[in-house]
Amino acid sequence: QVRLVESGGGLVQAGGSLRLSCAASGSIQSINTMGWYRQAPGKQRELVATITSGGNSNYGDSVKGRFTISRDNAEKTMYLQMNSLEPEDTAVYYCSANVRKATLAYYQTYWGQGTQVTVSS
């Protein structure tokens, strides 16, 4: 089985920073695109950022210039450095990964359980 576990969420004041981590484990042959998404109460889940195995990244418009996504392929871990946080960033943050399991010839998308980020004004 493949597991994605997020960590690093919490409560922070506006203007502060947090760093999220997402660790993948299990019978993994390879991981291509990984990403962070978020969902605020009453809203749809939205893209925060994605990163390919080669390090190419893509960001949602609302976080460009404030958030930085990165990954350590050897450790199967992805990070999200969040700076200049705003109350509007309050949401549950989920990581996702397109994973090829050791026993399969195709990729499947897996999701973590989510970590709460709350930004106070």
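Note that this is a predicted model, so its numbers are computed, not measured.

Colleague: Before we move on, could you go through the state of the cysteines and cite the residues and values that matter?
Modeller: Tallying each qualifying case throughout the model produces 1 disulfide. Bridging Cys22 to Cys95, the disulfide has an S-S length of 2.2 Å. Where Cys22 bonds to Cys95 through sulfur, the torsion about that S-S bond is close to 55°, and the disulfide is right-handed. A residue pair is termed long-range when its members are at least 10 positions apart, and Cys22 in strand S3 (residues 18-26) and Cys95 in strand S9 (residues 91-101) qualify at 73 residues.

Colleague: Hey, could you go over the pairing of S9 for me, with residue numbers and the actual values?
Modeller: Burial runs high along S9: 8 of the 11 residues are buried. Of the pairings in the sheet, the one linking strand S4 (residues 28-39) to S9 comprises 9 bridges and is antiparallel in character. Within S9, the residue paired with Gly35 across the bridge is Ser96. Examined bridge by bridge, S9 and strand S11 (residues 115-120) share 3 bridges and lie antiparallel to one another. Bridge pairing in S11 places Tyr93 opposite Thr115. Here S9 runs beside strand S10 (residues 107-111); their pairing, made up of 5 bridges, is antiparallel. If you follow Asn98 over to S10, its bridge partner there is Thr109.

Colleague: Describe the packing of aromatic side chains, with residues and values.
Modeller: Under the criterion given, the structure shown has 1 aromatic pair. Over the ring of Tyr94 we find Arg45, and its NZ or CZ is 3.8 Å from the ring centre. Directly above the ring of Trp111 sits Arg45, whose terminal nitrogen or CZ lies 4.8 Å from the centroid.

Colleague: Which residues make up the sheet that holds strand S7 (residues 67-72), and what are the values?
Modeller: With antiparallel pairing, the 4 strands of this open sheet are ordered in space as S1-S3-S8-S7. Because the sheet does not close on itself, it has two edges, and the strands there are strand S1 (2-7) and S7. Strand-to-strand twist of the sheet, defined as the mean angle between neighbouring strand axes without regard to direction, takes the value 15°. Direction of pairing for S7 relative to strand S8 (residues 77-82): antiparallel, over a ladder of 6 bridges. Within the sheet, the bridge partner assigned to Ser70 lies in S8 and is Tyr79.

Colleague: Describe in detail the pattern of salt bridges, supporting the description with residues and values.
Modeller: Scanning the model with the defined rule gives 5 salt bridges in all. With its nearest N and O atoms 2.8 Å apart, the salt bridge here joins Arg66 to Asp89. With Arg66 in the loop between strand S6 (57-59) and S7 and Asp89 in the loop between S8 and S9, this residue pair connects regions lying 23 residues apart in the sequence. According to the relative accessible area criterion, Asp89 is buried, its value standing at 1%. Salt bridges here are not isolated pairs; linked through shared partners, they connect Arg38, Glu46, Arg66, Glu86 and Asp89.

Procedures and definitions
- Residues numbered from 1 in each chain as written.
- Predicted model: local features only at pLDDT ≥ 70, side-chain atom pairs only at ≥ 80, totals over all residues.
- Heavy atoms only, no water.
- Disulfide = S-S within 2.5 Å.
- Helix = DSSP H or I, 4+ residues; strand = E, 2+ residues; numbered from the N terminus.
- Buried < 20%, exposed > 50% of the residue type's maximum accessible area, 1.4 Å probe, protein only.
- Pairing = 2+ DSSP bridges.
- Phe/Tyr/Trp six-rings, centres within 6.5 Å; stacked < 30°, edge-to-face > 60°.
- Lys NZ or Arg CZ within 6 Å of the ring centre and 35° of its normal.
- Axes fitted to C-alpha atoms, helices over the stretch in contact; angles between N-to-C directions.
- Salt bridge = Lys/Arg side-chain N within 4 Å of Asp/Glu carboxyl O.

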